[in-house]
Structure formats: C-alpha cells, structure tokens
Amino acid sequence: MKLASLAVALLLSANITLASDMCTNSHEIICKNAKAETQEQDKFLEELAKRIRKEAAPRIQARAEAALKNIAKFRLIKRALTLMRIEQQEIMRVAQESYPEINALLSDKTKHEELKSYLKTAIETTDFSTEVKAEMQRTLSAVQIISFEEYIDIFAIDESLIKNMNANACGTDGLETNAFAYRDPQKQNANYVVICPGLALQSQVQANQADPFRDIIFVVAHELGHHLDNRTFGNKVYANYLACIANDHAQELVLTKKTEKTCKKSSITECRVANTLTHAQELISDVWGFKAVNAYRNRNGYNIVDTENLLKSNLQFLCGSLDYGVHPSGHFRLGVHLQVNQDAKEALSCQDSQLRTCSF
Ligand SMILES: [Zn+2]
C-alpha cells in the first residue's frame, strides 16, 4: 500500500514541470556572470587569432608579392581583392591546421542543411497562411550557407569590392566571431548566410559537448531569418506581431534621428509604429532565432535545466549590447523580447504572465 501510494505520488510529480526562473528574470540570469564566464574564452580566442595572424603572415607576404607583380598598379580594386583573398586563404589554412573540425561548419553541406532544418520546423509552427509558409520554405531551401572565402569568391566575379565589403561583418581577415546574411544585388534568389571563420573557431573552442554547433543555433537562425523577414515578405505578413510590439514595447526601443523627426510631426501611435519598423528586421530575426532554439530543444528532448543552459550559451553574446536604432539593446532582446516570445515561454514551461505574448 505504501509503495503504491509512493508510485502515485511520483507519477503525479513527474507531470508537474516547474516554470523556469528565466520566465521572469531572463536578462539577469543570462547576463549575471556573462563577463566573467566569457572572459577566459574571449582571451583565449584573442590569443588564438593573434597566433593565427602571425603564423599566416610570412605565407601571405610571399604569395602577395608574387601575385601583385602580375596586376597593373592602377587596378586598385583588383589588387586589394587579390590581397584580401590571399590573406583570407592563408589565415583559413592556419586556422584549419589548428582546428580541422571547423571545416564541418564552413563547408559541410549536410551540416548546413541540419542548421536550416530547425528553421524549417519553425516555419510550420507559425500562424502564417499555407501559401506564406510554403513560400518561406522555398526561400529558406534556396539560402546557401557559405564560408567567408566563398563570399569573397562570389563578389570577386564582378569586383564590386567596396559595395560588398559594406555588408561584410567578418572583419577583413574573417576572424570576427560573427555571421551575416547577404543578398547578391546583381542576381535574383542569390541569398546567403556567411559564416565567419572566427565564429567557426569560437564554436570549436567552447565545444565540449556532443554537438559542437549547439551554441550557434540562434546566431545562424537569426541570420537565416533575415531572408524571411519583413524586407522580403512585407510588413503585412508580420502585421499582428509588429502591432503587438508597437503597442506594448515600442517605448522601450531607441529612436533613430530620422524617426525622432517623424515623431515630432506625428501622433504617439504613428511614432511607435515608425520606431518598431526601424527595429523590425532585427526583432523578426530574433523571433526566428528563438523558434530554431525551441525546435532544437524539442528534437533533442531537453529538460528545463538543459534548456536554460542552451538559451544561456546561445544568447550570452548579446549581454551589454546597445540600441543604436536598428538592433534593440541586449537588455530588450534578452529581457523583454524573450519573455514575450511564445517559443521561449514554451521551452521554459512559463505560466501565463501579465505580459502579452508577441510572436508569430
Ligand atoms: Zn540581424
């Protein structure tokens, strides 16, 4: 009898999942020790980048001297481009010698499809129409995840170096820990997400778990999400979500100079809409990021503790970032936006809060 009632009690308690503290305190929990926790790793990465640059330098010099001999002095763009490609190739070579595993992220198409698959699952969880979902699936299927080296090769074709370098977020040597979305303006449907070698290195340096790419799910999904954002699919598709942000949270976003001018001449409602729209691409891409993380958690059957760690390791890089009128601040993205996000709430088993959900 005693044993039976114990079993019943255990069964009952197994069904009760406690809500995570992150439901109400996400920014504090993610960022509390962020600086201390990432300091060691940042230092290691900095040293690693320095060593890679140093080791690559003589190889770069030797190759550059030989290559530039064959390009006329007045062909400045061609010379700069050639130099950059050599620099990048040699830096990549040294980086790959240090961490051969980064190849999987930079050039393994199966891995890229897997990273895209979390967003593909996410698209089906939205409340968009069947047609919009299908169009988003098609768009996402066509997005290519490429390395920085491939990116340089793509725009080397038309030598539009300067224009394209504006879009580059990898740094000239590719060692920024970043990724970015890129759309070739010359071609139709030429959509890319560029993974910087720096990010690939970072994912390896911190990788000591079963999936070395676990901690960049959000970053990659955010960048893939830019190909699905309101710039491509229009504000109408995202109307409910944008209205929710404009109404409930626009006052927490920083105005750009231009929006400030608009606001002086318009109503509070119009001002909020305008302010939401300057941040919309980033906000929407963050929602896609949260969705992908949730899809990943679901697929891997994570419990609350695993989920908290997953969110923390994926999002910690946003701690301390400021709002310059396009990207909302880290405080907003990790505090407010995460707490009103349907997928984050689901992942963390949050109860209904006073804050209305703003998602799609
Ligand atoms: Zn972005």
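Placed above this text is the structure.
Computed from a predicted structure; not experimentally measured. (Residues numbered from 1 in each chain as written. Predicted model: local features only at pLDDT ≥ 70, side-chain atom pairs only at ≥ 80, totals over all residues.)

Asks: How would you sum up the overall build of the protein chain? Please name residues and give values.
Replies: Within the protein chain, the regular secondary structure consists of 18 helices and three strands. Judged by the C-alpha coordinates and their principal axes, the protein chain covers about 85 × 60 × 40 Å. Counting over 360 residues, the protein chain shows a buried share of 37%. Restricting to contacts in the protein chain with at least 6 residues of sequence separation, those with at least 24 account for 71%. (Helix = DSSP H or I, 4+ residues; strand = E, 2+ residues; numbered from the N terminus. Buried ≥ 20, exposed ≤ 12 C-beta atoms within 10 Å, placed from the backbone. Contact = placed C-beta atoms within 7 Å.)

Asks: Just give me the short version of the packing of helix 3 (residues 34-68) against helix 10 (residues 197-205), but keep the residues and values in it.
Replies: Between helix 3 and helix 10, the shortest axis-to-axis distance is 11 Å and the interhelical angle comes to 130°. If you check the angle between helix 3 and helix 10, you find them oblique. Helix 3 and helix 10 meet at a crossing whose hand is right-handed. Along its contact with helix 3, which presents Gln41, Phe44, Leu45 and Leu48, the element helix 10 presents Leu201, Gln202 and Val205. Looking at side-chain class alone, the contact of helix 3 with helix 10 contains five nonpolar, two polar and no charged residues. (Axes fitted to C-alpha atoms, helices over the stretch in contact; angles between N-to-C directions. Parallel < 35°, antiparallel > 145°, perpendicular 65-115°, else oblique. Left-handed = near helix turned anticlockwise from the far one by under 90°. Nonpolar A, V, L, I, M, F, W, Y, C, P; charged D, E, K, R; others polar.)

Asks: Account for unusual backbone geometry, with residues named and values stated.
Replies: Positive phi, normally seen in glycine, also occurs at serine 349, with a value near 50°. Along the polypeptide, serine 349 turns up in the segment after helix 18 (342-347).

Asks: Pulling in residues and values, what's your account of the environment of glutamate 149?
Replies: Mapped onto the secondary structure, glutamate 149 falls in helix 8 (residues 148-156). Of the residues examined, glutamate 149 has 18 C-beta atoms within 10 Å and is grouped as partly exposed. In contact with glutamate 149, other than residues within four places in its own chain, are Gln88, Gln89 and Met92.

Asks: Which residues make up the pairing of strand 1 (residues 144-147), and what are the values?
Replies: Only one face of strand 1 is buried: it carries Ile145 and Ser147, and the other face, with Gln144 and Ile146, is open. Pairing analysis gives four bridges linking strand 1 to strand 3 (residues 191-195), with the strands arranged parallel. In the strand pairing of strand 3, serine 147 is matched with isoleucine 195. (Pairing = 2+ DSSP bridges.)

Asks: Report on helix 2 (residues 22-31), specifying residues and quantitative values.
Replies: The complete set of buried residues in helix 2 reads Met22, Ser26, His27, Ile30 and Cys31. Each buried residue of helix 2 lies within a common arc of 135° when the element is viewed along its axis, so the set occupies one face. Contacts made by the buried residues of helix 2 are with helix 3, helix 16 (304-315) and helix 17 (330-339). (Arc of directions from axis to C-beta.)

Asks: Just give me the short version of the nonpolar core, but keep the residues and values in it.
Replies: Val193, Val194, Ile195 and Ala292 are the most contacted members of the largest nonpolar core, which has 80 residues in total. At 13 residues, the largest contribution of residues to this core is made by helix 15 (residues 268-299). For valine 193, the contacting residues outside a window of four places in its chain are Val143, Ile145, Ala179, Ala181, Val220, Glu223 and Leu224. (Core = buried A, V, L, I, M, F, W, Y, C linked by C-beta atoms within 7 Å.)

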